[in-house]
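Given next are the chains, with one letter for each unit.
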Amino acid sequence: MLPKFSYIQPTSLPEALAILEDKDARIHAGGSDLIGCLRDGVFATDTLVSLGAVSELRGITASADGGLKIGAMTTISEIADSEAIGASYTALADAAKVVASPQLRNQGTIAGNLCQKPRCWYYRGDFDCIRKGGEICYAYSGENQYHCIFGGDMCYIVHPSDTAPALAALGAVCRVSSPTASRSVSVDALHMPPAEDPQRETVLDDDEIITEVILPRAPAGLRSSYRKVRSRAAWDFAVVGVALAVVFDGDTVRSARVFLSGAAPVPWRSKAVEDVITGKTLDNATISAAAEASVAGAEPLSENGYKIELFKGLMTEQLETISG
Ligand SMILES: Cc1cc2nc3c(=O)[nH]c(=O)nc-3n(C[C@H](O)[C@H](O)[C@H](O)COP(=O)(O)OP(=O)(O)OC[C@H]3O[C@@H](n4cnc5c(N)ncnc54)[C@H](O)[C@@H]3O)c2cc1C
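Below you will find a few notes about this structure. Throughout, residues of each chain are indexed from 1 in the direction in which the sequence is written. Under the rules for a predicted model, residues below a pLDDT of 70 receive no local features and side-chain atom pairs below 80 are neither given nor counted, while totals for whole chains, interfaces and linings still include all residues. Side-chain measures here rest on the full set of heavy atoms in the structure, leaving out hydrogens and waters.

## Looking at empty space enclosed by the protein
Basically, it comes down to this: Cavity: a set of points on a 1 Å grid over the protein atoms alone where a 1.4 Å probe fits but cannot get out. Pocket: an open set with protein on both sides within 12 Å along at least five of seven lines, its lining residues, like those of a cavity, having an atom within 4 Å of a point. Grid points are joined across faces, edges and corners, and a volume is the space filled by probe spheres set on the points. Each residue receives one of three labels: charged for Asp, Glu, Lys and Arg, nonpolar for Ala, Val, Leu, Ile, Met, Phe, Trp, Tyr, Cys and Pro, and polar for the others, Gly being one of them.
Under the definition given, this model contains 2 cavities of 30 Å³ or more. For the largest cavity, the calculated volume is near 50 Å³. Residues of the lining of the largest cavity, tallied by class, amount to 9 nonpolar, no polar and 1 charged. Looking at the second largest cavity, its volume works out to about 40 Å³. As for the second largest cavity, its lining consists of Pro118, Ile157, His159, Pro160, His191, Met192, Arg200, Glu201 and Pro265. A class-by-class count of the residues in the lining of the second largest cavity yields 5 nonpolar, 2 polar and 2 charged.

## A closer look at the sheet that holds strand S2 (residues 25-28)
Worth spelling out the cut-off: We call two strands paired when DSSP finds no fewer than two bridges between them. Put simply, DSSP marks the helices as runs of H or I at least four residues long and the strands as runs of E at least two long, and each gets a number from the N terminus on. Whenever a helix is involved, its axis is fitted only over the stretch in contact; in every case the axis is a line through C-alpha atoms, and angles between N-to-C directions fall within 0 to 180 degrees. By definition in these notes, contact holds between two residues if any of their heavy atoms fall within 4.5 Å.
Read from one edge to the other, the open sheet built from 3 strands follows the order S1-S3-S2, with strand pairing classed as parallel. Lying at the two open borders of the sheet, with one neighbouring strand each, are strand S1 (6-8) and S2. For this sheet, the mean angle separating the axes of adjacent strands, direction not counted, is 25°. Bridge count for S1 against strand S3 (residues 47-50) is 3 bridges, and the pairing is parallel. Counterpart to Ser6 in the pairing with S3 is Thr47. Contacting S1, S2 and S3, helix H1 (residues 13-22) runs over the sheet at an angle of about 165° to S3.

## With respect to the pattern of salt bridges
Let me state the cut-off plainly: Should a side-chain nitrogen of Lys or Arg be within 4 Å of a carboxyl oxygen of Asp or Glu, the pair is scored as a salt bridge. Burial status follows relative accessibility: with a 1.4 Å probe on protein chains alone, a residue under 20% of its type maximum counts as buried, one over 50% as exposed, and anything between as partly exposed.
This model, assessed by the stated rule, comprises 14 salt bridges. Among the ionic pairs, Asp33 bridges to Arg119, the shortest N-O distance being 3.2 Å. One end of the pair, Asp33, is in the loop between S2 and helix H2 (34-39); the other, Arg119, is in the loop between helix H7 (110-115) and helix H8 (121-124), and 86 residues separate them in sequence. On the accessibility criterion, Asp33 (12% relative accessible area) is buried. Among the ionic pairs, Glu292 bridges to Lys312, the shortest N-O distance being 3.3 Å. Within this pair, whereas Glu292 is found in helix H11 (residues 284-294), its partner Lys312 is found in helix H12 (residues 306-322), the two being separated by 20 residues in sequence. By relative accessible area, which is 44% here, Glu292 ends up partly exposed. Judged by relative accessible area, Lys312 falls into the buried class, the value being 16%.

## Thoughts on the packing of aromatic side chains
The line we're drawing: Here a Phe, Tyr or Trp ring, Trp counted by its six-membered ring, pairs with any other such ring whose centre lies within 6.5 Å, and the pair is stacked when the planes are under 30 degrees apart, edge-to-face when over 60, and tilted otherwise. Two limits define a charge over a ring: the Lys NZ or Arg CZ must be within 6 Å of the ring centre, and within 35 degrees of the ring normal.
The tally for this structure, following the rule as stated, stands at 6 aromatic pairs. Centroid distance Phe150 to Trp268: 5.3 Å. Interplanar angle 15°. Geometry classified as stacked. Of the two residues, Phe150 sits in the loop between H8 and helix H9 (163-169) while Trp268 sits in strand S12 (residues 268-269), which places them 118 residues apart along the sequence. The exposure class of Phe150 is buried, given its relative accessible area of 7%. Through a chain of ring-to-ring contacts, the aromatic side chains of Tyr122, Phe127 and Tyr138 assemble into a single cluster. For Arg232, the ring lying beneath its charged end belongs to Trp235, and the centroid distance is 4.5 Å.

## Overview of the site of the ligand
To keep things clear, this is the line we draw: Nearness here has a simple test: a residue counts as near a molecule or strand if at least one of its heavy atoms is within 4 Å of that partner. Definition of a polar contact: a pair of N or O atoms within 3.5 Å, with one able to donate and the other able to accept a hydrogen when the atoms are protein atoms, and with sequence-neighbouring residues admitted only if both atoms are side-chain atoms. Note on areas: Shrake-Rupley with a 1.4 Å probe; residue coverage comes only from the protein chains shown.
The immediate surroundings of the ligand are formed by 32 residues, with Ile27, Gly31, Ser32, Thr109 and Asp162 found nearest. Contacts to the ligand include Thr109, whose side-chain N or O atom sits 2.7 Å from an oxygen atom. Between an oxygen atom of the ligand and a main-chain N or O atom of Pro160, the distance comes to 3.5 Å. In the complex, the protein chains occlude 94% of the 970 Å² of accessible area that the ligand would expose alone. Every element with two or more residues in the shell around the ligand is listed here: S2, H7 and strand S8 (209-215). The greatest single-element share of the shell around the ligand, amounting to 4 residues, is contributed by H7.

## Regarding unusual backbone geometry
The residue Ala100 is not glycine, and still its phi comes out positive at about 45°. Here Ala100 is to be found in the loop between helix H5 (90-97) and helix H6 (102-107). Given a relative accessible area of 23%, Ala100 falls into the partly exposed group. With a phi angle near 75°, Met154 is a residue other than glycine that sits in the positive phi range. Inspection of the secondary structure assignment puts Met154 in the loop between H8 and H9. Classification of Met154 by relative accessible area gives partly exposed; the value is 35%.

Below, the structure written as structure tokens:
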């Protein structure tokens, strides 16, 4: 059952920040993750601050340097449907189109998608796991077929967002405001590795609000993509996923940013793949070496060793496709 809480609906960002300064409150965006967590007792709060009436947080606009600014309350559907995003930031458009279901994409926002809680069945269930302040990760020696193969330490979740690896590959940055300051946090540094703090998903403080996500100007020669494999064709989270942002100079890879989803507790940067493909043409030998590199150093758990072959296959297909 949903517990009782106060619901405050400010109409401006300063008003929202003032409430967060005064009260131990949680931010409510689309509510598609938050309300389920409250109902299931994953965490509790006395107060929700809705950003739904803060109109300055909505919309997609051009930035002065030729990039794009996406307001934090922009829905995933708006991103999936945006011509500007589809034209220059294909990885983000690809990712937005495969988030959840149409209803959830209409309701869920980009900031909520980046800040959502993990889907581990122990964390979401009646288990006092380490992410909820307990002593152990039940997945480590339990049911772990959907858990991580990289970056596990005390907690073995995978980060659930599809847009996060795409935005990280594209070099996006979050603008963040608190009652006293503003700062920028790049999406590739937004998420908290469990080795640093297994109870937090992001590096944001409780009184900080993401106000917008900034995509840098797309360089000439950029091709990008995101694809995930899920266990069924209907809505589902990534079992494995690959986000690519590759800048080509003719047939040669000038630079690349590669992030994996379904791999680690945070969007997982694969520098090994980037190193293999940079300066090369994407011929069969390079793609094969990149596929092997994508899983180098992986540490599968008892039930998720199948992810190794899936990542290799997906990386191969995505590099073949992006090479044209
Ligand atoms: C059945 C189901 C299937 C799903 N499948 C997928 C999937 O395949 N891929 C995927 O990526 N996601 C998936 N999701 C997650 C879904 O996309 C998220 O629930 C949604 O994007 C969250 O957005 P929201 O606006 O509803 O966030 P909310 O639920 O309102 O908030 C989520 C979290 O973000 C915080 N937050 C929200 N806005 C801000 C802000 N501006 N600044 C700081 N913190 C903020 C909230 O406090 C809360 O902790 C699924 C969810 C469900 C319920």
